[in-house]
Every structure is written in structure tokens, then in C-alpha cells.
Amino acid sequence: MRQAGRRGRQVREGSPMENGMGQEPGTPEPPAAEAVPAPRAPRARPRLVFHTQLAHGSPTARIEGFTNVKELYTKIAEVFGISPTEILFCTLNTHKVDMQKLLGGQIGLEDFIFAHVRGETKEVEVTKTEDALGLTITDNGAGYAFIKRIKEGSIINRLQTVCVGDSIEAINDHTIVGCRHYEVARMLRELPRAQPFTLRLVQPKKAFDMIGQRMRSSKAPGEGSVASGKETLRLRAQGPATLEEGPSPSEEEAARRVDDLLESYMGIRDGELASTMVAAAKASPGVAQLARGLDSVLGEFAFPQEFVAEVWAAVCHPGAGQE
């Protein structure tokens with residue numbers, strides 16, 4: 001029967017057809033498979049090499065392959081044969097203890113990095129006769145908090161042994177190494193009035209032309225900015241570093257206003273934190289949304305509501321309330 005013949009043409013899986021060609025007679029051959037293009041090789045990242053020196057004097061070295069501040073310190077320490085914990089902070093394009101040139105979260109591709117290392121340790125006794133000591137604290141992103149600004153006429157300003165750039169190592173023999181700047185500022189604010197306390201400070205090692213220099217505390221436009229309008233390497237605490245365009249003048253100005261608010265409310269200055277808050281404010285339609293956004297990513301700061309409102313106004317309505 002025709003049906004039986006059709007059944008006889010069934011083929012076991014994996015066996016050739018009766019015509020030996022792997023297909024029934026009269027069946028057109030399948031088209032040849034199109035060649036699949038080979039996947040493109042990933043675009044090679046540019047090799048970013050930076051020049052560095054120890055601020056108090058050293059040969060010039062070259063470093064590369066870092067993605068955050070801790071790795072940067074490790075690379076610098078390796079080329080100079082020191083421990084990363086010896087590095088207090090870095091400045092860009094100057095060997096001086098210049099807080100206007102302090103390295104933050106961005107490095108311009110043409111910037112020269114100067115590493116300031118531990119110098120002498122000193123202790124100073126302070127009596128808190130006012131609520132505010134007159135200190136502005138920042139940190140190096142790797143465990144050291146240090147003095148970024150001293151207010152004219154303040155308690156600390158009257159103590160000539162305390163200088164901008166000094167790292168605060170201990171308060172009343174309680175070590176604060178590893179604490180963030182806002183934690184140190186809070187500790188100092190909470191110290192009782194009229195009760196003396198001791199600060200243990202580590203000053204950066206200085207070159208001969210810097211010995212005895214007392215750094216000015218005045219503000220300057222563009223503080224903390226690097227290579228505006230040019231490509232920069234943006235460092236992150238988490239995730240890889242990325243190449244980005246430098247901040248625009250308006251973004252720099254907004255970050256400066258927010259940094260001023262951080263100093264006013266919390267006694268800290270942190271350009272990278274200020275830039276993060278500017279970006280959050282621009283992405284938020286209102287103060288309530290900004291508060292929730294900041295709480296989700298920066299909850300440890302516990303920003304007060306009035307501070308968040310001022311940040312919103314400084315970024316989104318900078319002319320409001322100004323004559």
C-alpha cells in the first residue's frame with residue numbers, strides 16, 4: 001500500500017535518508033548558512049598615566065591603573081617605597097598645603113599629583129569657650145580626617161600650633177583614624193563647653209620653603225575644581241573610574257554653594273559630596289523628593305529638613321532671596 005511505503009521512508013533520528021544525501025528526493029537543498037560576523041573586540045581603554053611626587057620633595061614617578069582614592073594612595077606608596085597609611089592627602093599641581101587644590105573625586109588628565117605624607121605629631125590642649133571651634137573638617141577618603149579651614153578670630157585660630165592640613169589623629173586619646181569628616185565634626189561639636197580637651201594632630205611633612213607657613217583661610221572661586229571643561233578621571237568609592245567631561249561653570253558654582261552650606265551646617269567641606277548633592281537636586285522635582293533621594297544614598301549624614309530645602313534652593317533657584 002502507498003501508506004505502508006510512506007511509513008517505510010521514516011528515518012531514525014541521526015540516520016541518513018535513503019538517497020544518502022540526508023534529504024528526500026526532490027527536496028531542495030537548504031540554503032547555506034550565512035556567515036556570522038565575528039564579535040567586535042572591545043574598545044581598548046586609553047592608558048591613563050599620571051605623574052606624581054611627594055610634596056616635600058622626591059623624584060617624579062608615574063602611576064596608573066587606580067579606580068578610587070585608596071588605590072591611588074597604594075600606587076603612590078608603591079613607587080616611593082612607603083606605606084599607604086603615610087599619605088595624609090594629595091593636592092593637584094602644587095606641592096603646597098593648598099586646600100583650594102585638594103584632590104577630590106576627579107583628576108584632570110593633565111594634572112600633576114603631589115602626595116603629602118605624615119610629618120611631626122603634636123598635641124594641643126583646647127578649652128571650648130564657645131559652641132563653635134572654628135574648624136572645617138574634610139577627609140582623604142582613606143581614613144584620615146584633617147583641617148581644611150580655620151575661621152578667622154575663632155578659638156582654634158588663636159592657637160598658632162594648629163594649621164590647615166593637620167590631620168586629627170585623636171581627641172582626648174580616643175583615636176579617630178577611620179572616621180569620616182562628619183563624624184569628627186560631630187564629636188567636636190558635642191564636646192562640653194569650659195572643659196579642656198586634647199587634640200593629637202599630625203602635620204604634613206613640608207619642604208624647607210613651607211616650614212612655618214600658616215595657611216590662609218580665605219575662600220577662592222572655583223575651590224576644589226579641576227580642569228574645567230576638559231576630560232577628567234572621575235574616581236568612585238564603588239565601581240570603576242570613568243572618563244568624563246569636566247563640570248561646567250554653572251555646575252561648579254552650584255557645587256560651591258552646596259559646599260558652603262555643608263560648612264555652615266555641619267562644619268565640613270567635601271567637593272565630591274557637594275557635586276553628588278547637586279546631581280540629586282537636579283534630578284528631583286521638589287524638596288520632598290530630594291530629601292528622600294538623599295536619605296536613600298546618604299542617610300548616614302541625617303541631613304535636617306531645612307538644610308535640604310536650602311540645598312534645593314541653591315541648586316534649582318540660586319537667585320531666590322538675593323538682592
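Computed from a prediction, not measured in an experiment: that's the story for all the values here.

Each value, and the rule that gives it
- Residues numbered from 1 in each chain as written.
- Predicted model: local features only at pLDDT ≥ 70, side-chain atom pairs only at ≥ 80, totals over all residues.
- Heavy atoms only, no water.
- Core = buried A, V, L, I, M, F, W, Y, C linked by side-chain atoms within 4.5 Å.
- Buried < 20%, exposed > 50% of the residue type's maximum accessible area, 1.4 Å probe, protein only.
- Domains from an automatic or database assignment.
- Helix = DSSP H or I, 4+ residues; strand = E, 2+ residues; numbered from the N terminus.
- Contact = heavy atoms within 4.5 Å.
- Expected span 1.5 Å × (residues − 1).
- Arc of directions from axis to C-beta.
- Polar contact = N/O pair within 3.5 Å; in protein donor to acceptor, adjacent residues only side chain to side chain.
- 1 Å grid on protein atoms, 1.4 Å probe; cavity = no way out; pocket = protein on both sides within 12 Å on 5 of 7 lines; lining within 4 Å.
- Points joined across faces, edges and corners; volume = space filled by probe spheres on them.
- Phe/Tyr/Trp six-rings, centres within 6.5 Å; stacked < 30°, edge-to-face > 60°.
- Pairing = 2+ DSSP bridges.

Undergrad: Could you give me a rundown of the nonpolar core, with the residues and numbers involved?
TA: Residues Ile113, Ile168, Leu188, Met277 and Phe303 are the most contacted members of the largest nonpolar core, which totals 77 residues. Residue-level mapping places this core at the junction of two domains, with at least three residues from each of domain 1 (49-204) and domain 2 (247-316).

Undergrad: Mind laying out the side chain of Thr136, listing which residues take part and the relevant values?
TA: Turning to its location among the elements, Thr136 is positioned in strand E6 (residues 135-139). Those residues in contact with Thr136 that sit more than four places away from it in its chain are Phe146, Ile147, Lys148, Arg149, Glu263, Gly267, Ile268 and Arg269.

Undergrad: For helix H5 (residues 271-282), give the residues involved together with the corresponding values.
TA: Between the first and last C-alpha of H5 there are 17 Å, a value that for twelve residues agrees with the 16 Å anticipated at 1.5 Å per step. Of all the positions in H5, only Leu273, Ala274, Met277, Val278 and Ala281 are classed as buried. Taken end-on, H5 shows its buried residues confined to a sector of 140 degrees, consistent with a single buried face. Of the surrounding secondary structure, the elements contacted by the buried residues of H5 are helix H4 (249-266), helix H6 (287-298) and helix H7 (305-316). A side-chain oxygen of the first residue of H5 lies 2.9 Å from the backbone nitrogen of Leu273; this N-cap is Asp270.

Undergrad: Give me the lowdown on the layout of surface pockets, citing residues and values where you can.
TA: In this approach the atoms are scanned with a rolling probe the size of a water molecule, which exposes any empty space left behind. Each pocket or cavity is described by its volume, and for the second largest pocket that value is around 490 Å³. Along the walls of the second largest pocket sit 23 residues, with Ala132, Leu133, Gly134, Leu135 and Gly267 positioned nearest its centre. Of all the elements in the fold, those that place two or more residues in the lining of the second largest pocket are E6, helix H3 (181-190) and H4. Among the elements that line the lining of the second largest pocket, the one with the most residues is H4, at four residues.

Undergrad: Can you explain the packing of aromatic side chains? Please cite residues and give values.
TA: Considering all chains together, one arrives at five aromatic pairs under this definition. An aromatic cluster of three or more residues is present, and its members are Tyr265, Phe303 and Phe307.

Undergrad: Please set out the pairing of strand E7 (residues 145-150) residue by residue, giving values where relevant.
TA: Burial analysis of E7 places six of its six residues in the buried class, the great majority of the element. For E6 and E7, the ladder comprises five bridges, and the chain directions are antiparallel. Within the sheet, the bridge partner assigned to Leu135 lies in E7 and is Ile150. In this structure, the hairpin formed by E6 and E7 is closed by a connection of five residues, where Gly141 is found at a positive phi of approximately 75 degrees.

Undergrad: For the environment of Val311, give the residues involved together with the corresponding values.
TA: Residue placement: Val311 occurs in helix H7. Sequence spacing of Val311 and Arg257 is 54 residues, and the spatial spacing of their C-alpha atoms is 8.2 Å. Apart from the residues lying within four places of it in its own chain, the contact partners of Val311 are Val258, Leu261, Met277 and Leu290.

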